[in-house]
Amino acid sequence: MTASSAPLVDPYGRRVKDLRISVTDRCNFRCTYCMPEEGMKWLPRNEVLTYEELARVATLCVDRFGFEAIRITGGEPTIRSHLSRLVEMLSRLDVDLAMTTNGVKLPELAHDLAAAGLRRVNISLDSLRRDVFHRLTRRDDLHRVLAGVDAALDAGLTPVKVNCVVMRGVNDDEVVDLAAFGRDKGVGMRFIEFMPLDGDDSWSMADVVPAQEILDRIDAVFPLVRGTGGEVAGGAEPADTYRYADGAGDVGVIASVTQPFCGDCDRVRLTAEGRFRTCLFALDEHDLRPVLRGGLAAGELDDALAAAIEAAVGTKWAGHSIGRVEFVRPPRSMSQIGG
Ligand code: SF4
């Protein structure tokens, strides 16, 4: 927090300090829990914010509101060309700069992104079995994602965390194998409860494997100790983290459905076309693109952006209501919001 910045606090007293930036709605995978096989109707390119526009919003959030973390997401961020140019712009800010990726392009990009200033990555990997991976992502690229994990480690984008969305009857029988993978590779597994943000609206509570069940399965084989015994390496995260009793690293669960952590939420999101979202499940959005492209002079533009962001955060709700009768799915799938 600099002298010139003031904290941005929502109506529930939560300080907002983590910005998730989606740089594209496009992806080179077709994960079943995210989008249909044919993909989505992509945004016209002229509607997607330029790197300069994205960096302007991010810079304002840091300078004006003292944000401490920025995460680059998508769709799949690495398929947007010259991504290291945006990373270089954002790396000038005093923040924890991270990225969530499917990892498939990291073998060719990891070192450039690290050199541009990216600090760390979360890589999505939901299965270690070629057939299950292929069925889940509709791509036969398991080997390339595994090479992506190695490339991230090699480039020093550490701690490398691996995100796995656990779905009952799909990949939940691999939880212990994936935990073993994380221990062997020295990466932090993050097991995520399946959320109702899938592209074909097929989500049901029956598909959700509760975080406690995931932990119990791992603990039965690799005993766990709550917490990581100190500061989690690599910035704050929504995961509930544990360390292995034998010292072989840490593992986390993101229990958005069964143990919501909205009470501590410090996150807001910017979609690729400039919609400001105060929650992953928000039903309303705040369009910043007309402000960005309204021809205002620099100072006026920052003031207008700050006012729009403050107004948006002033409408932030207490949290999602998944599992309750009043829950309404947001009109966007995960690929159109960003993780
Ligand atoms: S569901 Fe919304 S309010 Fe809850 S933690 Fe996620 S982003 Fe924050």
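Residues numbered from 1 in each chain as written. Predicted model: local features only at pLDDT ≥ 70, side-chain atom pairs only at ≥ 80, totals over all residues. Heavy atoms only, no water.

> Would you mind showing me how to read the overall build of the chain here?
Helices and strands together make up the secondary structure of the chain, namely 9 helices and 14 strands. Each of the three principal axes of the chain carries a C-alpha extent, and together these read 60 × 45 × 45 Å. Within the chain, buried positions represent 53% of all 339 residues. As displayed, the chain offers around 13,900 Å² of accessible surface, 51% of which is attributable to carbon and sulfur atoms. (Helix = DSSP H or I, 4+ residues; strand = E, 2+ residues; numbered from the N terminus. Buried < 20%, exposed > 50% of the residue type's maximum accessible area, 1.4 Å probe, protein only. Areas by Shrake-Rupley, 256 points an atom, 1.4 Å probe, with all protein chains shown as cover.)

> Help me understand the packing of aromatic side chains in this model?
To describe a pair of aromatic rings, you give the distance between the ring centres and the angle between the ring planes. Within the structure shown, the criterion is met by 4 aromatic pairs. Look at Phe222 and Tyr244: their rings are 6.0 Å apart centre to centre, the planes differ by 85°, and that puts the pair in the edge-to-face class. With Phe222 in the loop between α7 (211-221) and β9 (224-226) and Tyr244 in strand β10 (residues 240-244), the pair connects residues that are 22 residues apart, well separated along the chain. An identical accessibility class is assigned to Phe222 and Tyr244; each is buried. An angle of 70° between the planes, with centres 6.0 Å apart, marks the rings of Phe281 and Phe327 as edge-to-face. With Phe281 in the loop between β13 (275-277) and β14 (286-287) and Phe327 in the segment after α9 (298-313), the pair connects residues that are 46 residues apart, well separated along the chain. Accessibility assignment for this pair places Phe281 and Phe327 in one class, buried. Its guanidinium or amino end placed over the ring of Tyr244, Arg183 lies 4.7 Å from that ring's centre, counting from NZ or CZ. (Phe/Tyr/Trp six-rings, centres within 6.5 Å; stacked < 30°, edge-to-face > 60°. Lys NZ or Arg CZ within 6 Å of the ring centre and 35° of its normal.)

> Is there a simple way to explain the pairing of strand β7 (residues 161-166) in this structure?
Two faces, one strand: in a regular strand the side chains alternate between the faces of the sheet. With 6 of 6 residues buried, β7 lies mostly within the body of the structure. Of the two faces of β7, both are covered, the one formed by Lys161, Asn163 and Val165 as well as the one formed by Val162, Cys164 and Val166. Here strand β6 (residues 120-124) runs beside β7; their pairing, made up of 3 bridges, is parallel. Within the sheet, the bridge partner assigned to Ser124 lies in β7 and is Asn163. As a crossover connection, the stretch from β7 through helix α6 (residues 175-185) into strand β8 (residues 188-193) is right-handed. (Pairing = 2+ DSSP bridges. Right-handed = clockwise from strand over helix to strand, strands pointing away.)

> When you look at the site of the ligand in this model, what are you seeing that I'm missing?
Taken together, the residues surrounding the ligand are Phe261, Cys262, Cys265, Arg267, Arg269, Cys279, Leu280, Phe281, Gly319 and His320. Taken together, the residues of the shell around the ligand break down into 6 nonpolar, 2 polar and 2 charged. (Near = heavy atom within 4 Å. Nonpolar A, V, L, I, M, F, W, Y, C, P; charged D, E, K, R; others polar.)

> Explain the sheet that holds β7 to me, please; I cannot follow it from the model alone.
Remark on secondary structure: sheet strands pair via backbone hydrogen bonds, oriented parallel or antiparallel. One open sheet accounts for 12 strands, arranged β9-β10-β11-β8-β7-β6-β5-β4-β3-β12-β13-β14; its pairing is mixed. The open sheet has two free edges, formed respectively by β9 and β14, since each of these has just one partner strand. In the packing of α6 onto the sheet, contacts are made with β7, β8 and β10, and the angle to β8 comes to roughly 150°. (Contact = heavy atoms within 4.5 Å. Axes fitted to C-alpha atoms, helices over the stretch in contact; angles between N-to-C directions.)

> Would you explain the packing of helix α2 (residues 83-90) against helix α3 (residues 106-116) in this entry?
Think of two packed helices as two axes; the pair is described by the angle between the axes and how far apart they sit. It is the contact of α2 with α3, at a shortest axis distance of 8 Å, that shows an interaxial angle of 25°. Here α2 lies roughly parallel to α3, going by the angle between them. Crossing handedness for the pair α2 and α3: right-handed. Residues Leu83, Ser84, Val87 and Glu88 of α2 pack against Asp112, Leu113 and Ala116 of α3. Of the residues belonging to the contact of α2 with α3, the class tally is 4 nonpolar, 1 polar and 2 charged. (Parallel < 35°, antiparallel > 145°, perpendicular 65-115°, else oblique. Left-handed = near helix turned anticlockwise from the far one by under 90°.)

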